[in-house]
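Survey of secondary and tertiary structure
Chain by chain, the residues:
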Amino acid sequence: MDKKNSPKKILITGGAGFIGSHLVRRLLTQHKDYQVFNLDALTYAGNLENLKDIEEAPNYTFVKGDITDAGFVNDFFSQFNFDGVIHLAAESHVDRSISDPVSFVRTNVLGTVNLLNASLQLAKNNTGFLFYHISTDEVFGSLGQEGLFNESTAYDPNSPYSASKASSDHFVRAYGETYGLPYIISNCSNNYGPNQFPEKLIPLFINNIIKNKPLPVYGDGDYTRDWLYVKDHAEAIDLVFHKGRKGETYNIGGFNEWKNIELTHLLCRLMDIKLGRKEGTSEKLITFVKDRPGHDLRYAIDASKINKELGWKPSVTFEEGLEKTIDWYFENQEWLGHVTSGDYLEYYKKQYQTQ
Ligand code: NAD
Ligand code: DAU
C-alpha cells in the first residue's frame, strides 16, 4: 500500500469477528491518519461488543452489509473509493462447513469474487490500490508427522471450509493474472486469544471448564495444530499490507505445534490453578468423542519467508498467550454470557439503531 496522500481509506471486511476486531483496533492505533471502515454482516460470529472501546473513534466507520450481495458491494465501493481492502469476512468454522457447505461457498467464494469485481473498478483509478486476502493454512491439506507447509506447497484441501478458502485464494490469484488486480494473500495457522467465539477448541474448553461441562476431544486427540496469538497475526497482517510484495503469498505461523490432547491437558492444569481447584479436577471433564470427518492430522507452518523478507516473528510465547487468554475470558464473563445466550446479537440494534 504505497499511496502517499493521506488520509487513506482502508476497508476491513469481517472486522466484527475474532481476528478482524483485533486488526481494526491495531490499524486505528498504529495508523492514526487512516479512515478505517469495517464491513460486516454480523452473522453469529460477528460481535460489535468486540469493538466497544473504539466504536466512537472519529476515524472508524462500521457498516452492516453482506459481501454476497454484489449490488450492495459495488455501490459501497464506489461510494467510498477505498485505497485498500483487507478481506477477512468468511464462514470460518470447519464443523459448520461439514453440516452446511453451501453457506461456505456463498460467503467464502461468491463473497470474495464480489469484492474482487468491485476492487477492479477502484484499482483502475488508483495505482496504489491493494487487495489483501486473509487465508488459512488449511488450504494445504494435511501433513504427516514430518515437514512444514511453505509458500510452494500444493493446495490439497480436505474440508468444505478449506475447499472454499482454497477456491477464494485461486480467484484472488486469477484476478491478479487475468485483470492485473494488485493483491497479496497470506495463509495463517490456528489463532487463539481474546474475543474468539467459543466454538473453537481453546475458548470452548476454557468456557466448558469454568462451567464444569465435558471437554469433547475428537477421536484420540492425536491431531496437531500450530497455534499463534491473535495479536501477533494482526501485527503480521499490518506488516504484509504495508511492506509485502504485490502478487506474493506469505505463510504466517506460530512455530508452536501442539497435539490436541496435550493442549487439553495443559489447559486443564492452567484452569485448575486459575480456579483454585485441586490438581486433576478439570482432567476429569475430558471426553473422547466421535472424530470430525476428514480431520486433518497435522498443520505446521514454515514462516521463514515473512521472517526473512519483513522481519516478522511471533512475539508472544504460548505460555504468555494462554495466560492472557484465560485471564481475558475470566475478566469478560459478561461478553461470554452474551455470546452463549445470544444477547450479543442485540448490541447492533442498541448501539446503532436506537436513534
Ligand atoms: P470469525 O468467524 O470470528 O469472523 C468472521 C467475520 O466475518 C464475522 O464478523 C462475520 O459476521 C463476518 N461475515 C461472515 N459472513 C459475512 C458476509 N457474508 N458478509 C460480511 N461479513 C460476513 O473468523 P476469524 O476466526 O476471525 O477469521 C477471519 C479470517 O481469517 C477468515 O477469513 C478465516 O478464514 C481466516 N483465518 C482464520 C484463522 C483462525 O484460526 N481463526 C486462521 C487463519 C485464517
Ligand atoms: O488452521 C487455521 C484454521 O484454524 C482456520 O482457518 C479456521 O478458521 C479455524 O477455525 C481453525 O480450524 P481448526 O479446525 O483447526 O480449529 P478448531 O478450533 O475447530 O479445532 C482445532 C483442533 O481441535 C482440531 O484438530 C479439531 C479439534 N477439536 C475441536 C473442537 C471444536 C476437538 O477435538 N474438539 C472440539 O470440540
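Going along each chain's sequence as written, the residues are numbered from 1 onward. To read the labels, note that chains go from A and ligands from 1, taken in the order they are written. Residue-level local features of this predicted model are given only where pLDDT is at least 70; pairs of side-chain atoms are given and counted only at 80 or more, and the full residue set underlies all totals for whole chains, interfaces and linings. Note: side-chain values were computed over all heavy atoms of the structure, leaving out hydrogens and water.

**Notes on the site of ligand 2**
Selection rule: Near residues are defined by distance, with any heavy atom within 4 Å of the molecule or strand qualifying the residue. Side-chain atoms alone can form a polar contact between residues adjacent in sequence; in general such a contact is a pair of N or O atoms within 3.5 Å, and within protein one must be able to donate a hydrogen while the other accepts it. Residue-level accessible areas treat just the shown protein chains as cover; the underlying method is Shrake-Rupley with a 1.4 Å probe. By the criteria applied, helices consist of DSSP H or I runs no shorter than four residues and strands consist of E runs no shorter than two, each listed in order from the N terminus.
Taken together, 24 residues sit near ligand 2, with Thr-136, Asp-137, Tyr-161, Arg-292 and His-295 positioned nearest. In the environment of ligand 2, an oxygen atom lies 2.6 Å from a nitrogen or oxygen atom belonging to the side chain of Tyr-161. One of the side-chain N or O atoms of Asn-260 is found 2.9 Å from an oxygen atom in ligand 2. When isolated, ligand 2 has an accessible area of 680 Å², and the protein chains bury 94% of it. Elements supplying a minimum of two residues to the shell around ligand 2: helix H6 (201-210) and strand S8 (215-218).

**Examining the sheet that holds strand S7 (residues 190-192)**
Which entries qualify depends on this criterion: Pairing between strands is defined by DSSP: at least two bridges between them are needed. Geometry is summarised by axes, namely lines fitted to C-alpha atoms with helices restricted to the contacting stretch, and by angles between N-to-C directions that run from 0 to 180 degrees. Residues count as neighbours in contact if any of their non-hydrogen atoms are within 4.5 Å of one another.
In space, the three strands of this open sheet follow the order S7-S9-S11, with mixed pairing throughout. Each edge of the open sheet is held by one strand with a lone partner, namely S7 and strand S11 (257-259). Across the sheet, the mean angle separating the axes of adjacent strands is 50 degrees when strand polarity is ignored. Where helix H8 (residues 260-275) meets the sheet, it contacts strand S9 (224-229) and S11, and its direction lies at approximately 90 degrees from that of S11.

**Points about the UniProt feature "domain: NAD(P)-binding" (unreviewed entry) in the chain**
Under the convention used in this document: UniProt positions are given in the numbering used here, feature names are shortened, and annotations may be inferred rather than shown by experiment.
Listed under "domain: NAD(P)-binding" (unreviewed entry) in the UniProt record, and renumbered for this structure, are residues 11-325. Across residues 11-325, helical content stands at 41% and strand content at 17%; the span's end C-alpha atoms are separated by 27 Å.

**Points about the pairing of strand S4 (residues 84-87)**
What counts is decided by this rule: Whether a residue is buried, partly exposed or exposed follows from its accessible area with a 1.4 Å probe, protein chains only, as a fraction of its type maximum: under 20%, in between, or over 50%, in that order.
Covered by surrounding structure in S4 are Gly-84 and Ile-86 together with Val-85 and His-87, the residues of both alternating faces. Sheet analysis places strand S1 (residues 9-13) next to S4, joined by four bridges and oriented parallel. Each residue of the ladder has a partner; that of Thr-13, found in S4, is His-87. Bridge count for S4 against strand S5 (residues 130-136) is four bridges, and the pairing is parallel. Following the sheet pairing, His-87 is matched in S5 by His-133.

**Some remarks on the packing of aromatic side chains**
Our working rule: Within 6.5 Å between ring centres, the rings of Phe, Tyr and Trp (the latter by its six-membered ring) count as paired, and their orientation is classed by plane angle as stacked under 30 degrees, edge-to-face over 60, tilted in between.
All told, the structure shown has 26 aromatic pairs when counted by the stated rule. Centroid distance Tyr-192 to Trp-227: 6.4 Å. Interplanar angle 80 degrees. Geometry classified as edge-to-face. Separated by 35 residues along the polypeptide, Tyr-192 in strand S7 and Trp-227 in strand S9 bring together distant segments of the chain. For Trp-227, a relative accessible area of 5% gives the class buried.

**Comments concerning unusual backbone geometry**
The phi angle at Asn-81 is positive, at roughly 50 degrees, despite the residue not being glycine. Looking at where Asn-81 falls in the secondary structure, it is placed in the loop between helix H2 (70-80) and S4. In this structure, Phe-255 takes a positive phi of about 50 degrees despite not being glycine. With respect to the helices, strands and loops of the structure, Phe-255 is situated in the loop between strand S10 (249-252) and S11. The class for Phe-255 is exposed, based on a relative accessible area of 53%.

**A short note on the site of ligand 1**
Lining the immediate environment of ligand 1, one finds 29 residues, of which Ile-19, Asp-40, Ser-92, Tyr-161 and Lys-165 sit closest. One of the backbone N or O atoms of Ile-19 is found 2.8 Å from an oxygen atom in ligand 1. Taking Ala-90, its main chain carries an N or O atom lying 3.5 Å from an oxygen atom of ligand 1. Here ligand 1 has 830 Å² of accessible area as a free molecule, and 96% of this is covered by the chains. Broken down by secondary-structure element, the contributors of at least two residues to the shell around ligand 1 are helix H1 (18-30), S5, helix H5 (160-179) and S7.

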